[in-house]
Amino acid sequence: MSGTESIDSTWMLSDKEGGVLAGRWWKWALSAPDDRSPVKDLTGEHASWNQPDDFWFLAGTYGGQVVRRCEIPSGRPIFFPVLNMQHTRAHSKTPRSLTVAEATVSLNGIPLTVQEFSAPFRTGLTRRFAWGIWSGMASLPPGQYVLEIKARSTTGFWVDTTYHLEAKAL
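Conventions adopted
- Residues numbered from 1 in each chain as written.
- Predicted model: local features only at pLDDT ≥ 70, side-chain atom pairs only at ≥ 80, totals over all residues.
- Heavy atoms only, no water.
- Helix = DSSP H or I, 4+ residues; strand = E, 2+ residues; numbered from the N terminus.
- Rg over C-alpha atoms; globule rule 2.2 N^0.38 Å.
- Buried < 20%, exposed > 50% of the residue type's maximum accessible area, 1.4 Å probe, protein only.
- Contact = heavy atoms within 4.5 Å.
- Areas by Shrake-Rupley, 256 points an atom, 1.4 Å probe, with all protein chains shown as cover.
- Lys, Arg positive; Asp, Glu negative; His and termini not counted.
- Charge placed at Lys NZ, Arg CZ, Asp CG, Glu CD.
- Pairing = 2+ DSSP bridges.
- Axes fitted to C-alpha atoms, helices over the stretch in contact; angles between N-to-C directions.

**Student:** What should I look at first to understand the overall build of the protein chain in this one?
**Tutor:** Scanning the protein chain for helices and strands turns up one helix and nine strands. Secondary structure elements of the protein chain occur, N-terminal to C-terminal, as α-β-β-β-β-β-β-β-β-β. In terms of overall size, the protein chain behaves like a compact globule, its C-alpha atoms giving a radius of gyration of 15 Å where 170 residues would be expected to give roughly 15 Å. Dimensions along the principal axes, computed over C-alpha positions, put the protein chain at roughly 50 × 30 × 30 Å. Taking all 170 residues of the protein chain together, the buried fraction comes to 48%. Taking all contacts inside the protein chain whose residues are at least 6 apart in sequence as the whole, residues at least 24 apart take part in 66%. Put simply, the protein chain shows about 8500 Å² of open surface, and 51% of that area lies on carbon and sulfur atoms. Of the side chains in the protein chain, 17 bear a positive and 16 a negative charge, and the two mean positions are spaced by 11 Å.

See below:
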């Protein structure tokens with residue numbers, strides 16, 4: 001089953017909503033121990049680590065090509081980075097960003113909307129800024145999906161991530 005007929009490929013968030021989710025995503029990603037980090041994970045084995053109850057976060061990568069396979073709950077909104085970064089306010093008092101040369105996402109070949117979000121967030125007492133090109137979906141019905149994320153900056157950093165997703169009713 002592909003389920004693509006019911007995919008909303010134009011899911012949009014307000015700047016405020018997207019900024020809040022970007023901060024939440026970074027808190028989630030930064031809180032993972034190295035041996036269970038969804039970002040370091042090359043297979044999808046740790047995709048379910050400490051997921052929130054109201055969204056499902058898919059991990060970004062540290063660059064290069066990664067192929068992951070994982071189950072996700074159907075009916076839950078999904079949020080993920082296409083190209084992103086974070087830094088502490090000690091590093092810079094203003095949000096930093098990358099100059100984007102390419103940022104595309106497709107689900108079973110259907111292009112998805114990408115949006116740029118920037119927002120402050122905290123991890124413990126450390127004040128940070130999140131920046132990124134992000135995407136997501138309101139939810140997926142049960143079925144098999146291939147999510148392809150391709151991005152590169154003008155500095156040479158690039159990502160080519162493929163997720164083989166199985167959305168299951170919980």
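**Student:** Looking at this model, I keep getting lost on the pairing of strand β7 (residues 126-137). Mind explaining?
**Tutor:** Looking down a regular strand, the side chains alternate between one sheet face and the other. Burial within β7 is extensive, with 10 of its 12 residues counted as buried. With 10 bridges connecting them, strand β6 (residues 114-123) and β7 associate as antiparallel partners. Across the sheet, F121 pairs through a bridge with R128, a residue of β7. Counting the residues between successive antiparallel strands, the hairpin from β6 to β7 contains two residues, one of them, G124, with a positive phi of roughly 60 degrees.

**Student:** Sorry if this is basic, but what is going on with the environment of Y62 here?
**Tutor:** Looking at where Y62 falls in the secondary structure, it is placed in the loop between β1 (56-57) and β2 (64-73). A relative accessible area of 61% places Y62 in the exposed class. Setting aside residues up to four positions removed in sequence, Y62 forms contacts with V39, K40 and F157.

**Student:** Any chance you could explain the sheet that holds β6 here in plain terms?
**Tutor:** Strand pairing within a sheet occurs via backbone hydrogen bonds; the two strands may be parallel or antiparallel. Pairing is mixed in the open sheet, where four strands are placed in the order β1-β3-β7-β6. The outermost strands of the open sheet, each flanked by one partner alone, are β1 and β6. Alignment of strand β3 (residues 78-88) against β7, held across 10 bridges, turns out to be antiparallel. Bridge pairing in β7 places Q86 opposite A130. Each of β1, β3, β6 and β7 is contacted by helix α1 (residues 15-31), which is oriented at about 55 degrees to β6, the strand it contacts most.

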